[in-house]
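Structural features, examined
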Amino acid sequence: MFDQIIDSSLTLSLKTPLLLLLLIALEAVLSADNAIALAAIAQGLQGPKLQRYALNLGLVVAYVLRMSLILTATWVVKFWQFELLGAVYLLWLVFNYFNSQEDAEHHHHGPEFTSLWQAIPLIAVTDLAFSLDSVTTAIALSDEIWLILIGGTIGVITLRFLAELFIRWLKVYTYLEDAGFITVGLVGLRLLIRVINAEWVPPEWLMITAIALIFVWGFSKQNPQPLEMVEIPLESVDNSLSKEPEKISS
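What comes next is a walk through the structure. What you are looking at is a predicted structure, and each value in this text was computed from that prediction instead of being measured. (Residues numbered from 1 in each chain as written. Predicted model: local features only at pLDDT ≥ 70, side-chain atom pairs only at ≥ 80, totals over all residues. Heavy atoms only, no water.)

By the definition in use, this model includes 3 salt bridges. A salt bridge links Arg 194 to Glu 83; the nearest nitrogen and oxygen atoms lie 3.4 Å apart. Here Arg 194, found in helix H7 (residues 176-196), pairs with Glu 83, found in helix H4 (residues 80-98); they are 111 residues apart in sequence, far enough to count as distant. Each member of the pair, Arg 194 as well as Glu 83, carries the same accessibility label: buried. The partner of Glu 164 in a salt bridge is Arg 160, with the nearest N and O atoms 2.8 Å apart. Of this pair, Glu 164 and Arg 160 are both found in helix H6 (residues 145-169), 4 residues apart, which corresponds to roughly one turn of the helix. (Salt bridge = Lys/Arg side-chain N within 4 Å of Asp/Glu carboxyl O. Helix = DSSP H or I, 4+ residues; strand = E, 2+ residues; numbered from the N terminus. Buried < 20%, exposed > 50% of the residue type's maximum accessible area, 1.4 Å probe, protein only.)

In this section: the packing of helix H2 (residues 48-71) against H6. Packed helices, taken two at a time, are described by their axes: the angle between them and the distance between them. Following both chains from N to C, one finds H2 and H6 inclined at 160 degrees, their axes separated by 10 Å at the closest point. As summarised for this structure, H2 and H6 are arranged roughly antiparallel, according to the angle between their axes. Of the two possible hands of crossing, H2 and H6 adopt the one that is right-handed. Across the interface between the two elements, Gln 51, Arg 52, Leu 55, Asn 56, Leu 59, Tyr 63, Arg 66, Met 67, Ile 70 and Leu 71 from H2 touch Ile 145, Ile 148, Leu 149, Gly 152, Thr 153, Gly 155, Val 156, Leu 159, Arg 160, Ala 163, Glu 164 and Ile 167 from H6. (Axes fitted to C-alpha atoms, helices over the stretch in contact; angles between N-to-C directions. Parallel < 35°, antiparallel > 145°, perpendicular 65-115°, else oblique. Left-handed = near helix turned anticlockwise from the far one by under 90°. Contact = heavy atoms within 4.5 Å.)

Enumeration according to the criterion identifies 11 aromatic pairs in this entry. Ring centres of Phe 79 and Phe 82 lie 6.2 Å apart, and the angle between their planes is 85 degrees; this geometry places the pair in the edge-to-face category. Take Phe 82: its relative accessible area is 32%, and that puts it in the partly exposed class. Here the aromatic rings of Tyr 97 and Phe 181 are separated by 4.1 Å at their centres, their planes lie at 5 degrees, and the arrangement is stacked. Of this pair, Tyr 97 sits in helix H4 while Phe 181 sits in helix H7, and the two are 84 residues apart along the sequence. There is no split in this pair, since Tyr 97 and Phe 181 are both buried. (Phe/Tyr/Trp six-rings, centres within 6.5 Å; stacked < 30°, edge-to-face > 60°.)

Here it is, written out as structure tokens:
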């Protein structure tokens, strides 16, 4: 009896960190497309300061919503309407993005805001829609709520830094924003398929592989860098002009 207790405790002690690492890795992978969507939303505000405020405040609200979703997940999964709403919202984001007018660089762009408080709810709701997929996957891996809460917390922190990083990368890579919204569409379709028939949902490894390949394409081309004018100090110009008469007289 005592040996069985020791064996079970050892199994639990080894299983717990492995599950936690798996949940963290899963949150990090599934946060990439989420981060691009949030970065595109934050870009609708003018200036990096407002964009950082929007991400910070929006993800604080998103964190509260995500933790609430985890705590009520066993109740939420009973109602397919929640996943349907999440799927429709994500697919609407994709439709709105690809049907928006192209900017001066011939790229699609996300929504534009005149106020910080317009962006915050959209950031929070977008993360909540993504959480419907990631939380359901996490629950399938473990029934330990505290593990899922820790994984979700680390996921939101990772998402915050990824979103700010993607704001910079979106200005560098030509196809990255398109790639991000294609993966958003995949998540929306996955939720929609789960509503229709859970048995039709593709395996997680296939989803991750597809996202990875799309992001490889997203990082495949950089935007052309604008030519920067070389500044010549005025002192060097004056010195060169003052030496010209000497050369002529000689």
